[in-house]
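# Structure at a glance
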Amino acid sequence: MTSNESSRVPVSPVGDAMCRRSNRRSLLKSAAAVSLAAPALAGGMGLSRVPRASAQGDSPLAGKTIDMTILGIAGWPPSRLGVDLAQDLFKPWAKENLGYDVNFSFEEAPFESLFQKAATSLQSQSAQYNIIISDSQWLGALAEPGWIVKLNDIIAANPDLDIKFVPTAQIAYRVYPDGSDNLYGFPQEGDVIALFVRQDLMSDQAERDAYKAANGGEDLPQTFEEWEQVDIDRYERVCKHFTRPDDNLYGAALQWSKVYDFISCYTYPFMWSTGGEAWDPATGQVQGILDTEENAKGLERCKSFLQYAPPGATNFGIPEEVDIFTAGTVATCWQWAAVGPQMMNLDTSPGAAPGAVADESKVIRPDQVLIVPPPGFKGPDGDLTRVYTVGGQPWVINAFNDEDHMQVSIDYMKFWYLPETQLEYSRRGGNSAVQAVLDDPNWVTMQPHFRAYKYMLDRSRDFWHDPNYAEMLSIQQEAWSAYVTDVVTDPMLALQYTACKQQQILYDAGRSEIEASGECADISLG
């Protein structure tokens, strides 16, 4: 599939094994089992249920058939789960509780072309896509033209949608402009960067002995708690130890790709965790904030890990990392927690046994992988700091829906946040962002990646929600990729070019009163 291709039926390079469709009977049986188990767990969570309709006539849609379309991300398991649960679980629920028939179809495009697909439809005031799984940074670009529904009045009229989400999700997936009370999204899935570790290598006694001998008696980290204490320097020693090109084994993989926001998301932690910033959202100032010595060192440090990565690593994005890790080629990998099951080669489809292997052809087995926080950065006081990039996506509702499609959209949001639905979503590997769900101590035991996900949520943040996000991102990806691929040799030049261009974008759009300085006139990457 090319970057501009899309199809109605996805074949996911990342989550094919995890997101394939099971027959409807097994899904409903699974949902029924979760529903029976949910009250005890959900009761402790303090979640409210949507009141069951006393009669089918309680819904204005009773007796109708509504066809809905969700637009989501191609090859992205959480998006696929969003429509699977709609078609296979909400459809019978709506028939039984609300008295109407509903059918869902799924349109999709890759991360890098999804916004354009949505915008092309929405700018014509089309209701082609009734519900959209948006990336978090697009809120401003979708909200300002009036393309998506401002949710405040809907929530006021439907108190069961007044849900407490974790603070990171509230800020990243709901609010625009930043700091306001305006709500435009419901969290579809939360996400953070986690570190996937080959535990079979880390616990091998011969490896431990060799590492100790080379590092003054320091041992390889063995547990989640030990990885919490790992700083970037110790992590680099681990990467160096496992980099053995002759054995086709390497120490690290990060997302250095120019595609979409990959290199940006994986470079920001090296900047933010050491005191750097991307911009001042209050004034729109970029120059003098992005192009600093701290950030230049961060960009340089991020690039330095290429020496521990397999050949071709500057093209690594999400699916490439899944492939390289499950092939057994790298000892550690920075990756979005949302693809935890795929990284572990773990089958979480309905009816799968605990720990079942998803794809027998892959080298990695679930019991070989430990999922932990990525490394911290030691400050002058010796304390570790982690400020990483948040991932994840919100649901947004098309403002051009007619009354019937708007009602189904609201009903589905109510269904999505039922305790039973959140538990089923979690059981299949989805990352909930509901505070009460994450507060339950049993929740983190449902999936191997949930503990790292929860740990990193309040240590992660988004970057821009500005309507000019796509243009600003394109400049940044170009410049930072130029540096990691040696087109540009000076990290500061890459940052200065980015800052100059982004400053002018914001000024020209009337988003900032600060114009790019005169020194930007002749700046180039050439």
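Read on for a plain summary of the structure. (Residues numbered from 1 in each chain as written. Predicted model: local features only at pLDDT ≥ 70, side-chain atom pairs only at ≥ 80, totals over all residues. Heavy atoms only, no water.)

### Topic: the overall build of the protein
Heads up, the rule is: Each helix is a run of H or I in the DSSP string that is no shorter than four residues. Each strand is a run of E no shorter than two, and both are numbered from the N terminus. Think of it in three bands: residues with accessible area under 20% of the maximum for their type are buried, residues over 50% are exposed, and the middle band is partly exposed, with areas taken using a 1.4 Å probe on protein chains only. Whether two residues are in contact is decided by their heavy atoms: any pair within 4.5 Å suffices. For the accessible areas, the method is Shrake-Rupley and the probe is 1.4 Å, while residue cover comes only from the protein chains on display.
Looking only at helices and strands, the protein features 21 helices and 10 strands. Within the protein, buried positions represent 61% of all 526 residues. Counted over contacts in the protein with a minimum sequence separation of 6, partners at least 24 positions apart contribute 75%. Counting only carbon and sulfur atoms, one obtains 49% of the accessible surface of the protein, whose full area is about 20100 Å².

### Looking at the environment of Phe196
With respect to the helices and strands, the residue Phe196 is situated in strand β4 (residues 186–198). Separated by 176 residues in the primary sequence, Phe196 and Val372 have C-alpha atoms spaced 6.6 Å apart. Each residue touching Phe196, except ones within four places of it in the same chain, is listed here: Phe325, Ala331, Thr332, Cys333, Gln335, Trp336, Ala337, Gly340, Met343, Val369, Leu370 and Ile371.

### Re helix α11 (residues 232–241)
Most of α11 sits inside the fold, with seven of its 10 residues counted as buried. For α11, the full list of buried residues reads Ile232, Arg234, Tyr235, Glu236, Val238, Cys239 and His241.

### Comments concerning the pattern of salt bridges
When charged atoms on two side chains of opposite charge get close, those side chains can pair. So the rule is basically this: Salt bridge, as applied in this entry: a Lys or Arg side-chain nitrogen positioned within 4 Å of an Asp or Glu carboxyl oxygen.
For the structure on display, the rule yields 21 salt bridges. A network of salt bridges, in which partner residues are shared, links Glu144, Asp466 and Arg511.

### Considering the side chain of Asp291
For clarity, the threshold we go by: A positive count includes Lys and Arg, and a negative count includes Asp and Glu. His and the chain ends are not counted in either. Counting of polar contacts relies on pairs of N or O atoms within 3.5 Å, with two restrictions inside protein: one atom must be capable of donating a hydrogen and the other of accepting it, and residues adjacent in sequence are counted only when both atoms are side-chain atoms.
In this fold, Asp291 is placed in the loop between α12 (262–272) and α13 (293–304). Buried within the structure, Asp291 lacks any salt-bridge partner; its nearest side chain of opposite charge belongs to Lys501, at an N-O separation of 13 Å. Among the polar contacts made by the side chain of Asp291, one reaches the main-chain amide nitrogen of Gly288 at a distance of 2.6 Å.

### Points about the packing of aromatic side chains
Think of a pair of aromatic rings as described by two things: how far the centres are apart, and how the planes are tilted against each other in angle. The following threshold applies: Think of it this way: a Phe, Tyr or Trp ring, Trp meaning its six-membered ring, pairs with another when their centres are within 6.5 Å, and the plane angle makes it stacked under 30 degrees, edge-to-face over 60, tilted otherwise. Think of it as a cone above the ring: NZ of Lys or CZ of Arg counts as a charge over the ring if it is within 6 Å of the ring centre and within 35 degrees of the ring normal.
This structure, assessed with the given rule, holds 34 aromatic pairs. Centre to centre, the rings of Phe270 and Phe377 are 5.5 Å apart; their planes meet at 80 degrees, and the pair counts as edge-to-face. Within this pair, whereas Phe270 is found in helix α12, its partner Phe377 is found in strand β7 (residues 377–378), the two being separated by 107 residues in sequence. In this structure Phe270 comes out as buried when scored by relative accessible area, which is 1%. A residue is classified by how much of its surface remains accessible, and Phe377, at 5% relative accessible area, is buried. Cluster of aromatic residues (ring-pair linked, three or more members): Phe90, Trp93, Phe104, Trp395, Tyr412, Phe415, Trp416 and Tyr425. Its guanidinium or amino end placed over the ring of Tyr483, Lys303 lies 4.2 Å from that ring's centre, counting from NZ or CZ. We note Arg451 situated over the ring of Phe224; from NZ or CZ to the ring centre the distance is 3.9 Å.

### Topic: the pairing of strand β9 (residues 388–397)
Basically, it comes down to this: Criterion used throughout: strands pair if DSSP finds at least two bridges between them.
The buried count for β9 comes to 10 of 10 residues, which makes it a mostly enclosed element. Relative to β9, strand β3 (residues 131–133) runs antiparallel, the two being bridged by three bridges. Each residue of the ladder has a partner; that of Ile132, found in β9, is Val396. Examined bridge by bridge, β4 and β9 share six bridges and lie antiparallel to one another. Across the sheet, Pro187 pairs through a bridge with Pro394, a residue of β9. Two elements, β9 and strand β10 (residues 460–461), share two bridges in a ladder whose sense is parallel. Following the sheet pairing, Tyr388 is matched in β10 by Ser460.

### A look at the side chain of Asn398
In this structure, Asn398 sits in the loop between β9 and α16 (403–416). Take Asn398: its relative accessible area is 0%, and that puts it in the buried class. A polar atom in the side chain of Asn398 sits 2.9 Å from the backbone oxygen of Ser126. For Asn398, the side chain forms a polar contact with the main-chain oxygen of Tyr129, separated by 2.9 Å. Setting aside anything within four residues of it in sequence, one finds Asn398 in contact with Leu122, Ser126, Ala127, Gln128, Tyr129, Asn130, Trp147, Val149 and Met406.

### Quick look at the packing of helix α3 (residues 77–98) against helix α17 (residues 419–427)
Inclusion rule: Axes, fitted as lines to C-alpha atoms, cover a helix only where it is in contact. Angles between the N-to-C directions of the axes lie from 0 to 180 degrees. An angle counts as roughly parallel when it lies under 35 degrees, as roughly antiparallel when it exceeds 145, as roughly perpendicular when it falls between 65 and 115, and as oblique in every other case. The sense of a crossing depends on the near helix, which, turned anticlockwise from the far helix by less than a right angle, makes the crossing left-handed and, turned clockwise, makes it right-handed. Each residue is assigned to one class: nonpolar for Ala, Val, Leu, Ile, Met, Phe, Trp, Tyr, Cys and Pro, charged for Asp, Glu, Lys and Arg, and polar for all the others, Gly among them.
Between α3 and α17, the shortest axis-to-axis distance is 11 Å and the interhelical angle comes to 135 degrees. Classed by the angle they form, the pair α3 and α17 counts as oblique. For α3 against α17, the interelement crossing comes out right-handed. In contact with Pro78, Leu81, Leu85 and Leu89 of α3, α17 contributes Thr421, Glu424 and Tyr425. Tallied by class, residues from the contact of α3 with α17 come to five nonpolar, one polar and one charged.

### Some points on the packing of helix α9 (residues 205–214) against α11
In contact at an axis separation of 11 Å, α9 and α11 are set at 120 degrees when each is read in the N-to-C sense. Comparing the axis directions of α9 and α11 gives the class oblique. Crossing hand, α9 versus α11: right-handed. In this structure, α9 uses Glu207, Ala210 and Tyr211 to contact α11, whose residues at the interface are Arg234, Arg237, Val238 and His241. The residue inventory of the contact of α9 with α11, partitioned by class, reads three nonpolar, one polar and three charged.

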